[in-house]
Amino acid sequence: MHRLVLLAVVLALSAPIAARPPDQQSRRLQADGLVRLLSDLETALQSGGTDAFAALAAPDLPAEDAARFARLLARGPATTAVIRERARRPVTGGVEVLAEVLVGHDRRGRIATWQLRARPRAESDDAYEIYGLAELGAVDGLIRLDLDTDTQYAVHDLTYQAPDLVVSMKSGTAFVARSDAGVTALVLRGRGSVRFTPPSAAEQGQLRLFNGRPDYESDIDEAFIRLSPLEFDSRIESRMLEREAVDPGEIRRAQDVFDDRSPRTYSLELDDLGPDTWSLEPAIGSTVVELRTRRHGWLTYARSPSEPEDVSFFDREKSRNISVYTSADRLAERGPFYDEDDDAAYDVDRVGLDLTFDPERQWVSGRGSLRVTVRRDQVATLTIRLAEPLAIASVSTLDFGRLLALRIKNQNKAIISFPQPLEAGRQLILDVVYSGRLPPQRLNREAIAPEGQVMGSAQDPFGIDRPIIIPEPRFMYSNRVAWYPQNERTDFATAAMRFTVPSEFQVVASGTLVNSTITEVPAPDGGDSTFRRTVEFDADRPARYMALVISRFVPIDQRSVPVPAVAPPVSRHDAGMEGRGAGAPAIDVEVLSTPRITGRNRPLADRVSALLADFARTVGEAPYPDFTLAGIDDNLPGGHSPAYFAVLHQPLPTTPYSWTSDPVSFDNVYQDFFLAHEVAHQWWGQAVGWKNYHEQWLSEGLAQYFAVLAAEHDRGRDTAEGLISRMRDSALALEDQGPIYLGYRLGHIEGEGRVFRAIVYNKSAVVLDMLRRLMGDEGFFAGLREFYATWRFRKAGTDDFRDAMQHHTTIDVGRFLDRWILGAVIPKLKLDARLSDDGRTAIVRVEQQQTDVFDLPLTLTIRYADGAVETRSLPITEASVERRLTLPRQARRIDIRQELSLFRR
C-alpha cells in the first residue's frame, strides 16, 4: 500500500530538572510569562514586522539566531502562525523551551522545532526575553489544500491514465485544489468508469479472486485524484474541462468528497497546530486516485515511483491489498528480484536492551540502544520502528547529545533528526528511552487457526457445555510487535539484553543466558516487599530480530548436543564480552514447560536433541550455540521460532477446536512434525533470512521440507512420501489462489490463512522434493549446504537459491523455479507407460499439454515377476519425451505415481 508520510512531534528532554528551593528564581521559571512570550512570537510572525521580534529579543541575541526569525519575516505576514510549547527545563541564567512552530504563507507552510533560551527581563519578574534560538529540525514545502469553490468545470470525455489504470468520465462536474505550482487535486462527479489491468498472471489471479475476472472494470460516480502540479496540464487536456456556472449543490457535494478523501493522501497529522489540512506535494510520477465504484465502494490506486513495488490497488476501508507489483518500466530497470534493504539508510550492528516488564499490566519501560552504521552520504534523518503505544521519552547519542524525535502519527515509526548530515560509514549509538502499555503478540495466520469454526456466546465463548481449561498466561514479544527500537526492516544484529520481571515469571529470549538474579524490592510504605527477577542474555551470533517470551516455566532437562560445527561468534571487542571458549562443537539445549504439561514434555529433550543433530549434519553447521524449547499449553497447536529458541504450543485435552482439516495438520502421519518445523527455522528463516515478502518460501518452505526429512530419517521414505502426497493434495486444491511468490498476500483478499499455509508451506515443500529428485541427493544437499554457507546471517532471495543449486546440477534450476515459484500454473501431462512383450523394457511417453515447458520428476513403480518392486525417478525436461528403460529382469507391471509431483493428467 502506498506509504503516507504522517508526521507529529513527540518531544521530551532526557536530563532531569534539578531540585531547587522555592525561591523567586524558581517561581519565575514556571511563570505564565513564558506562555506570553510564545504568544508574542506568534503575533510577530503574523504581523511580519521586525520591530515586533526586536522587542522580544535580548540585546546579546546572536545575529545568527536572529537571522532564523528574520528569514521567516522576510516572507511577509504569516496567514498561519502557531507555536506550541512541548517541554521546558531550567538552565543557567534562564529556561530552555522546546516548541513546535507552524508558519504558513497562504498555501505554503513550514513546520520546525525550535529550542529557545529565555530569561527574565531585568525590569520585570514576569516578562522574558530571548537570548538564544536554535532550530533542531524542519520540514519545508507543506501545502494547505483548499477546494476552489469559485470555479466549477463541466467534464467532457475526460480520461486520466497511470500505469495500467484508465479513469474515464464522459460527463459530470469537476472542482480543483491548487498549490503555488498549479493544480494538484481534482474532484470529479458524474458518469464515469475505471479499468485496471495489471500485466502479470499473478496479479490477474488476485483480481479474479476479488471480482471474478483478471482485470477490474466498474462504473464510478465520484473520484478524487492527487498528482504533481507539474504534470496536470500534460495529464488532463484543456478540452476535458470547461468552465461553467457554479451550482451551490454541486459545491456542497464536491466539498464532501474533498473533505473525506483529501486528508488520506500525502497529508500530515499536525495535531494541535490548527484545523488546516497540510500535505506534501506529490513527486513527478506519483499519484493517488480514489474511486467510488458501484460494486465495491471506495477503492484506491496509488503509484509511488520510489517504492520497489510502485503500483498498488487496494481497499482502504477493509485494509485489503488487492494488487501490489512493480510497473513495467521499473521492472525493466531492476529485474524481477529485489532486496528490501537496497535503499536502507543504515544497518543495525548491535542491539542493547534494558527493559522492565509488568505482564499483568502489559507494561514495558526502559532503554533500548542501537549501534548503527550509516550506508549513504548526507543522511540527515534516520527512521526507527517502535510500536505506536510506546511513548518516546528521549533519543540521544554520545556525539550529538539529545536529538529531535519526530513520531509518525498512527504508525510504528519515528524519525530521528540530526543537527548535521551524516556521511556513509559513520557509526553511532542511538539511545532511546521509552515506556507504555503494549499487548503481546499472538500466533499469526502462519499457524493453525480455527477458521470457519463459530464460537458461542459471551457466557460460553467456546459454544460447548463441558469444562474448558484456560491456558497458562504467556507474553510473547517478537517480530510482529516493535517492542524495542529497530530498523524499519528486519536487520541481522547481535545483542546484549537485560530484562526485569516479577519473580514468579521466567524469561526465554534470543541469546545465551548469562545471568539470573532475584532481588527484594521493599515497599515504600513499609508493607510487604516484592521480588523481581532480572535475567541477562547475550546473542553473539546475529539474529534477524530479537524476541522473548514471559511465562511460568518449569525446567525439564538440559544437555549438550554434539554437531559438526557451530557458526563462530561475531567479533565484539567493544562489547566487553568474548565468545564461547574453544572445545568440541555442540549446542546447549534446554527444555522448559508450563506447569500443567510437564509430564507430557519430558521426552522432548531427546527429540529436540536428535532434530538439532540431524539438521546440523545435513547443513554442515549449527548457526546458534544455544537452543531453548518452551512448551506451552494452548487450545491450538502451533509454534514460533526466533533465533536461539522456539515456543511450541501444545493443545490441551479440553480444547474446543478441531484442526484435522488444516493444510499443515500432520499429527496422524508424523507426530513430531510441528516440532521439527520450528527447530528447522533456526537455519531457515533465522540464520538465513529473506530479502522481501515474496521470498518467505525460503523460510517456511525449507523448514517444512526439513520436517519431512526428519520424518524420513525417523520412519523411512514411505512416511516422507505420505507427507508429500498430502501436501501436494492441499496445494492442488488451491491452484487458483496464486503462486508461491505472492507470500503473505496468498489468502489475504479473502482472509483465509489456510491458503497461505497450503501454498507457501506445503507447495514449497513439494517443489523442493521434486527438485531433490531431479538433482539427486548428492547434488541437492550439496546445493543446500552452499546456499546456507553463502547466506548465513544475511538475507537471500530466489535468485540466490537458484545460483547455489545450479552449481551442483545440469538441470536448469532457473527455469524450474520460474515455473514453480514465480508461476501458479500446474502442468497437464499426457502419459503412457507400458512394458515390452518380453517384460524386459519399459516404454514411457510424456507430452506436456501447456505452452511452457515444466521440469519435474516422474516417479515409476516397476513390479517384477519375482515379486520385487522397484521405484525409479524419470526427469521430464522437454515438451515431449519418450524413454525406453532396460530392466534387469522380467517385469509384469509398470505404474506412474502421480501423488509425489505437481501435475494433472
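In case you missed it, the structure is sitting above this.
Residues numbered from 1 in each chain as written. Predicted model: local features only at pLDDT ≥ 70, side-chain atom pairs only at ≥ 80, totals over all residues. Heavy atoms only, no water.

Q: With reference to specific residues and values, describe the overall build of the chain.
A: For the chain, the helix and strand inventory stands at 17 helices and 43 strands. What you see for the chain is a C-alpha radius of gyration of 32 Å, in line with the 29 Å of a compact globule of 905 residues. For the chain, buried positions account for 58% of its 905 residues. Sequence-distant contacts, at least 24 apart, represent 73% of the contacts inside the chain between residues at least 6 apart. When the accessible surface of the chain is totalled, it reaches about 37200 Å², and 47% of it is carbon and sulfur. Distance from the positive charge centre (109 side chains) to the negative charge centre (129 side chains) of the chain: 3 Å. (Helix = DSSP H or I, 4+ residues; strand = E, 2+ residues; numbered from the N terminus. Rg over C-alpha atoms; globule rule 2.2 N^0.38 Å. Buried < 20%, exposed > 50% of the residue type's maximum accessible area, 1.4 Å probe, protein only. Contact = heavy atoms within 4.5 Å. Areas by Shrake-Rupley, 256 points an atom, 1.4 Å probe, with all protein chains shown as cover. Lys, Arg positive; Asp, Glu negative; His and termini not counted. Charge placed at Lys NZ, Arg CZ, Asp CG, Glu CD.)

Q: Requested: an account of the sheet that holds strand β43 (residues 891–897), with residues and values cited.
A: With antiparallel pairing, the 3 strands of this open sheet are ordered in space as β41-β40-β43. Since the sheet does not close on itself, it has two edges, and those belong to β41 (869–876) and β43, each with one partner. Across the sheet, the mean angle separating the axes of adjacent strands is 25° when strand polarity is ignored. With respect to the sheet, helix α14 (residues 753–775) is in contact with β40 (856–864) and β41, its orientation differing from that of β40 by roughly 70°. (Pairing = 2+ DSSP bridges. Axes fitted to C-alpha atoms, helices over the stretch in contact; angles between N-to-C directions.)

Q: Residue-level account of the environment of Ala 57, with values.
A: Structurally, the position occupied by Ala 57 is in the loop between α3 (50–54) and α4 (63–73). Between the C-alpha atoms of Ala 57 and Arg 872, which are 815 residues apart in sequence, the distance is 91 Å. With near-sequence residues (within four places) excluded, Ala 57 lies in contact with Arg 121, Glu 129 and Ile 130.

Q: Tell me about the pairing of strand β35 (residues 645–651), residues and numbers included.
A: Burial analysis of β35 places 7 of its 7 residues in the buried class, which makes it a mostly covered element. Pairing geometry for strand β33 (residues 626–634) and β35, over 7 bridges, is parallel. Across the sheet, the residue bridging to Leu 629 is Ala 646, located in β35. The pairing of strand β34 (residues 638–640) with β35 spans 3 bridges and is classified as antiparallel. Across the sheet, residue Gly 639 finds its bridge partner in β35, namely Leu 648. Connecting the antiparallel pair β34 and β35 is a turn made up of 4 residues, with Tyr 644 showing a positive phi of about 80°.

Q: Got a sec to walk through unusual backbone geometry? Specific residues and values, please.
A: The residue Gln 378 is not glycine, and still its phi comes out positive at about 60°. Residue position: Gln 378 is located in the loop between β18 (363–374) and β19 (379–385). Residue classification places Gln 378 among the exposed positions, given a relative accessible area of 61%. Phi is positive for Phe 793, close to 60°, though the residue is something other than glycine. Since its relative accessible area comes to 13%, Phe 793 is described here as buried.

Q: If you had to explain empty space enclosed by the protein to someone new, which residues and values would you point to?
A: By the definition in use, this model includes 6 cavities of 30 Å³ or more. Looking at the largest cavity, it is lined by 14 residues, and the ones nearest its centre are Tyr 484, Gln 486, Asn 487, Asp 491 and Arg 544. Among the residues forming the lining of the largest cavity, the class breakdown is 8 nonpolar, 3 polar and 3 charged. (1 Å grid on protein atoms, 1.4 Å probe; cavity = no way out; pocket = protein on both sides within 12 Å on 5 of 7 lines; lining within 4 Å. Points joined across faces, edges and corners; volume = space filled by probe spheres on them. Nonpolar A, V, L, I, M, F, W, Y, C, P; charged D, E, K, R; others polar.)

Q: Could you give me a rundown of the pattern of salt bridges, with the residues and numbers involved?
A: As enumerated under the stated definition, the model contains 81 salt bridges in all. In this structure, the salt-bridge partner of Arg 195 is Glu 217, at a minimum N-O distance of 2.7 Å. With a gap of 22 residues between them, Arg 195 in strand β8 (residues 182–196) and Glu 217 in strand β9 (residues 216–227) connect regions that are remote in the sequence. Residue classification places Arg 195 among the partly exposed positions, given a relative accessible area of 41%. Look at Glu 217 and you get partly exposed, because its relative accessible area is 35%. A single network of salt bridges, built from pairs that share partners, joins Glu 712, Arg 717, Glu 721, Asp 769, Arg 772, Arg 773, Asp 777, Arg 897 and Glu 899. (Salt bridge = Lys/Arg side-chain N within 4 Å of Asp/Glu carboxyl O.)

Q: Before we move on, could you go through the packing of aromatic side chains and cite the residues and values that matter?
A: Scanning all chains against the criterion turns up 34 aromatic pairs. Seen in terms of ring centroids, Phe 400 and Phe 418 are 5.7 Å apart; in terms of plane orientation they differ by 70°. Their pairing is edge-to-face. Separated by 18 residues along the polypeptide, Phe 400 in the loop between β20 (391–397) and β21 (401–402) and Phe 418 in strand β23 (residues 413–422) bring together distant segments of the chain. The pair Phe 400 / Phe 418 is uniform in exposure class, with both members buried. Grouped by ring-pair contacts, the aromatic residues Phe 615, Trp 683, Trp 684, Trp 697, Phe 706, Phe 787, Tyr 788 and Phe 801 constitute a single cluster. Taking the ring centre of Trp 363 as reference, the NZ or CZ of Arg 361 above it sits at 5.0 Å. (Phe/Tyr/Trp six-rings, centres within 6.5 Å; stacked < 30°, edge-to-face > 60°. Lys NZ or Arg CZ within 6 Å of the ring centre and 35° of its normal.)

Q: Mind laying out the sheet that holds β34, listing which residues take part and the relevant values?
A: Strand order across the open sheet formed by 5 strands is β31-β32-β33-β35-β34, with mixed pairing between neighbours. At either end of the open sheet lies a strand with only one pairing partner, and these are β31 (554–562) and β34. Put simply, the sheet's adjacent strands are angled 20° from each other on average, direction ignored.

Q: Describe in detail the packing of helix α15 (residues 777–791) against helix α16 (residues 798–806), supporting the description with residues and values.
A: Where α15 meets α16, the axes come as close as 8 Å, and the angle between the chain directions of the two elements is 130°. Here α15 is positioned oblique relative to α16, judged by the angle of their axes. The crossing of α15 and α16 is right-handed. Where α15 approaches α16, its residues Phe 780, Gly 783, Leu 784, Glu 786, Phe 787 and Trp 791 are matched on the opposing element by Asp 800, Phe 801, Ala 804 and Met 805. A per-class count over the contact of α15 with α16 returns 7 nonpolar, 1 polar and 2 charged. (Parallel < 35°, antiparallel > 145°, perpendicular 65-115°, else oblique. Left-handed = near helix turned anticlockwise from the far one by under 90°.)

Q: Give me helix α7 (residues 248–261): which residues, what numbers.
A: Each full turn of the α-helix corresponds to 3.6 residues, which orients residues three or four apart in the same direction. For α7, spanning 14 residues, the distance from its first C-alpha to its last is 20 Å, which sits close to the expected 20 Å at 1.5 Å a residue. Those residues of α7 not exposed but buried are Gly 249, Glu 250, Ile 251, Ala 254, Val 257, Phe 258 and Arg 261. If you follow the buried residues of α7, they end up packed against β6 (152–162), β7 (165–179), β8, β9, β13 (287–293) and β14 (297–303). Sitting at the head of α7, Asp 247 places a side-chain oxygen 2.8 Å from the backbone nitrogen of Gly 249. (Expected span 1.5 Å × (residues − 1). Polar contact = N/O pair within 3.5 Å; in protein donor to acceptor, adjacent residues only side chain to side chain.)

Q: Tell me what's going on with the side chain of Lys 413, and back it up with residues and numbers.
A: As for its placement among the helices and strands, Lys 413 is situated in strand β23. At 3.3 Å, the side chain of Lys 413 forms a polar contact with the side chain of Glu 488.

Q: Which residues make up the layout of surface pockets, and what values do they have?
A: The space that makes up the second largest pocket amounts to roughly 910 Å³. What lines the second largest pocket is a set of 38 residues, and nearest its centre among them are Ser 200, Ala 201, Ala 202, Pro 739 and Leu 822. Of the residues contributing to the lining of the second largest pocket, the split by class is 17 nonpolar, 11 polar and 10 charged.

Q: For the packing of helix α13 (residues 717–732) against α14, give the residues involved together with the corresponding values.
A: Axis separation between α13 and α14 bottoms out at 9 Å; the angle between their running directions is 130°. Taken together, the axes of α13 and α14 lie oblique to each other. Note that α13 runs across α14; the crossing there is left-handed. Where α13 abuts α14, its residues Arg 717, Ile 724, Met 727, Arg 728, Ser 730 and Ala 731 lie against Ala 758, Asn 762, Lys 763, Ala 765, Val 766, Asp 769, Arg 772 and Arg 773. Considering only residue class, the contact of α13 with α14 consists of 6 nonpolar, 2 polar and 6 charged.

Q: Any chance you could break down the pairing of strand β29 (residues 530–543) for me, citing the residues and the numbers?
A: Most of β29 sits inside the fold, with 10 of its 14 residues counted as buried. In the sheet, strand β28 (residues 512–521) pairs with β29 via 9 bridges, with the strands oriented antiparallel. Residue pairing for β29: Thr 519 is matched across the bridge by Arg 532.

Q: Requested: an account of the environment of Arg 717, with residues and values cited.
A: Considering the arrangement of structural elements, one finds Arg 717 in helix α13. Along the backbone, Arg 717 and Gly 583 are 134 residues apart, and their C-alpha atoms lie at a distance of 36 Å. Contact partners of Arg 717, with chain neighbours within four places excluded, come to Tyr 705, Glu 712, Asp 769, Arg 772 and Arg 773. Here the side chain of Arg 717 touches Glu 712 through a polar contact of 3.3 Å, side chain to side chain.

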